[in-house]
Amino acid sequence: MYPSLSTAAPPLVLIVDDDPEIRAMVRAILTQHGFASVEAEGVGAAHAALRAQAFDLVLLDLGLGDGDGLDLCRRLRGEGAQPVLILSARADPIDRILGIEVGADDYLTKPFHPRELIARIRAILRRTHAQGVANQSRSASALGFAGWRLDLVRRELRRADGALVHLGDAEFEMLALLVERAQRVVSRDELFEALHGRLPDPEDRSIDLRISRLRRKIEIDPKQPAMIKTIRAEGFLFTEAVVPA
Amino acid sequence: MSAPVDPLRLWRRPPAPWSLFWVAIAILLTTFLISSVTLFALTQARVDSGLPRRVPLPDQAAAIILAFETGDVGQRDLMRRALNSSDLGVRLLETWPSERRRGELGHRWMAQTIRGYLPADKAGLMDEAAIWFPEIQRPGWIVKAVQVIVPLSDGAILELDFRDRGIVFYYAIWTMGAWGLFALVLTGGAIIVVRRILAPLRRVAAAADQIGRDVDSPPMPEAGPAELRRVARAFNAMQQRVRDLIGQRTRMLAGIAHDLRTVLTRQRLRLEALPEPAQRAKAIADFDFMMRVIDTHLDFAKAEQALEPPTRFDLANLVIDLVEDAAAAGKNALYVGPDQAVILGRPDALRRAIANLIDNALTYGGEAEVSLRLDGTEAVVQIGDRGPGVRPADRDTIFLPYRRMSDAQALDAPHFGLGLATTRAILRRHGGDVTIADRPGGGALFIARWPG
């Protein structure tokens, strides 16, 4: 169904949330988008499920009936296995930073747009998959190129002198995808799908607008782009060498 | 807190008129003036006793000269003997003494005073006279003796030798000089003393001003005179109460929002299952509106607390993004400024502050021309529109929460009357502020500045 995620079995997601209705509805959305999932209503149930089988990703609520999701996240990442996407009603930026610091791969605030949830899940899976193939390690939480540093968990871009350059959510996702796939062509459809979890209308120009915005931010001469090149009829190519940073 | 006052450096800015400073100085100086005038008048009255308003030594000299000039020549020796005493020698000379020149005036004022006391037809006698101080020639110091030599019209030469008398004449000048010096010392001393007294009061005023802008500014030191220690303590307690209140309000709002979010999450997911696309789109739009109400109020509550850590970031890039977003949505927005401007600050908060100003300009002023410059240590962002402008009377109240430029604006305004209030709170947390001016050519100009 989605060529960019063609694996033999559908990815398996563990949904940890103490609200049964939310669990059921998230599960329905996941199923609709081709994921398999298991529900757990608290810390205890999550541990039991994790002992029983391996998951590709854990969707984690923070305020659980029998414990704090942050502690569970810390322990999960201590064991170093599956990526974690925190899904929480705590909306303060400080909560997001806390979550990232205990090892979550991403943080999404409730309530969320279902498409946004699917896009974030796909981004994490894409990232862990790519890194898993490359060096069997998940340590690279940031990528460096030409003096720039793209922090994948804090979702921020900094220049060589440490100055932060603001990226919108969509710009961040696009740049992350291009940088992770450096020296390989990324098609327009792949970019769009990574952003919206669906294929674009033929008339949609938002990809081009965002690419030109990215170029304005990172290219020395945005009119003569050297980093993000347009490959006619194919897509875009990120040309710089990328290293874990 | 302001640095301790250096008593030698007087001031960075002169104190305002009618400040406690000038009032205290004025009271001190008036007291001094009244007392010195009184004292001077008393001294003069004692010296002048019997002959009010005549200076005794020149008056006596003039009287003697007039008596010898107009009196019987045969009585001159008798008069000389009658006047001679231990402090006045009167002699009649045959010839002008060789060591003195005619018209040599050691003290011009004395000569003129003597001349003034002579009748008009005899004043010419002083043209040829000589006056000098045999012991000390410098006037203004204590003078022990004065000699006056006057040629009389019949050729005789009268010599008056006042001893231990000059001191009386110079007493007045010396007193005035001493009082003047005293006045200078007293004024200088008064300025320093009053400043020292007022320094803690100024610190209290500055701290109160600072707390009014940023409730998390450090408490004022409880030091100095007892009265001011009390003021400082009361201020610190008040600041703590205000801070607690704001913290409580923010926590309460965050608590409400958190509890609502869980319910709203279910609601949002249910909406996704609505079968009819048009109904679903409408329901989702209403839902997003509700979320915006919650987020806008939380933004405002949090604008007064600094949760986001400051970092170095590119302000120009952030402003250009906002202008591009508006332009992409078909609005009339324009950016004028550098491509890069790296400053230290809280990027999310500042982004919200400037976004609100741009929204405000587009909503009420039809366009937004956004300019950016780094002015020394200051970042200045100006947003100009072509709306009706803001009347001077409204330029402060417009930043109060839930105020709008016009009541006709319904709830579909993007910030529910909190946008400008949020902007001002954020800028004040950054140590800056936002002000309004008239834009040349019509419209309002919102000027946001803060130390970058």
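Our subject in this report is the structure included herewith. In this text, all values refer to a predicted model and were calculated from it rather than measured experimentally.

### Let's talk about the pairing of strand S9 (residues 378-384) of chain B
Residue and element names in this part refer to chain B.
So, step 1. Most of S9 sits out of view: six of its seven residues are buried.
So, step 2. Strand direction decides the pairing type here: strand S8 (residues 368-375) and S9, joined by seven bridges, are antiparallel. Directly across from Val370, in S9, lies its bridge partner Ile383.
So, step 3. Counting the residues between successive antiparallel strands, the hairpin from S8 to S9 contains two residues, one of them, Gly376, with a positive phi of roughly 65 degrees.
So, step 4. Sheet topology note: the S9/strand S11 (residues 444-451) ladder contains seven bridges and is antiparallel. Across the sheet, residue Gly384 finds its bridge partner in S11, namely Leu445.

### Looking at the pattern of salt bridges
Residues and elements named next belong to chain A.
So, step 1. Evaluated as defined, the whole model comprises 50 salt bridges over all chains.
So, step 2. Residue Glu39 pairs with Arg27 through a salt bridge whose shortest N-O separation is 3.6 Å. Placement of Glu39 in strand S2 (residues 36-40) and of Arg27 in helix H1 (residues 20-32) is noted, with a sequence separation of twelve residues between them.
So, step 3. When its relative accessible area of 29% is taken as the criterion, Glu39 is described as partly exposed.
So, step 4. Owing to a relative accessible area of 35%, Arg27 belongs among the partly exposed residues under this scheme.
So, step 5. Between Arg213 and Glu171 there is a salt bridge, with the nearest N and O atoms lying 3.1 Å from each other. Highlighted residues: Arg213 in helix H8 (residues 206-218) and Glu171 in helix H6 (residues 169-180), separated in sequence by 42 residues. Across this residue pair, the class does not change: Arg213 and Glu171 are buried.

### What about helix H4 (residues 108-117) of chain B?
All names here are of chain B.
So, step 1. Taken together, the buried positions of H4 are Met110, Ala111, Thr113 and Ile114. Buried positions in H4, seen along its axis, are confined to an arc of 160 degrees and lie on one side of it. Facing away from the buried side of H4, by more than 90 degrees, are the exposed residues Arg108 and Gly116.

### Side note on the pairing of strand S6 (residues 333-336) of chain B
All names here are of chain B.
So, step 1. By the alternation rule, side chains of S6 split into Ala333 and Tyr335, which are all buried, and Leu334 and Val336, of which none is buried.
So, step 2. Both S6 and S8 contribute to a ladder of four bridges, which runs parallel. Paired with Ala333 across the strands is Ala368, a residue of S8.

### Re the sheet that holds strand S12 (residues 185-186) of chain A
Residues and elements named next belong to chain A.
So, step 1. Here we have three strands laid out as an open sheet, ordered S12-S14-S13, and antiparallel in their pairing. Among the strands making up the open sheet, the edge pair consists of S12 and strand S13 (228-231).
So, step 2. As judged from the two bridges shared by S12 and strand S14 (residues 235-238), these two strands associate in the antiparallel manner. Bridge pairing links Val185 to Leu237 in S14.

Rules used throughout
Residues numbered from 1 in each chain as written. Chains lettered and ligands numbered in written order. Predicted model: local features only at pLDDT ≥ 70, side-chain atom pairs only at ≥ 80, totals over all residues. Heavy atoms only, no water. Buried < 20%, exposed > 50% of the residue type's maximum accessible area, 1.4 Å probe, protein only. Helix = DSSP H or I, 4+ residues; strand = E, 2+ residues; numbered from the N terminus. Pairing = 2+ DSSP bridges. Salt bridge = Lys/Arg side-chain N within 4 Å of Asp/Glu carboxyl O. Arc of directions from axis to C-beta.

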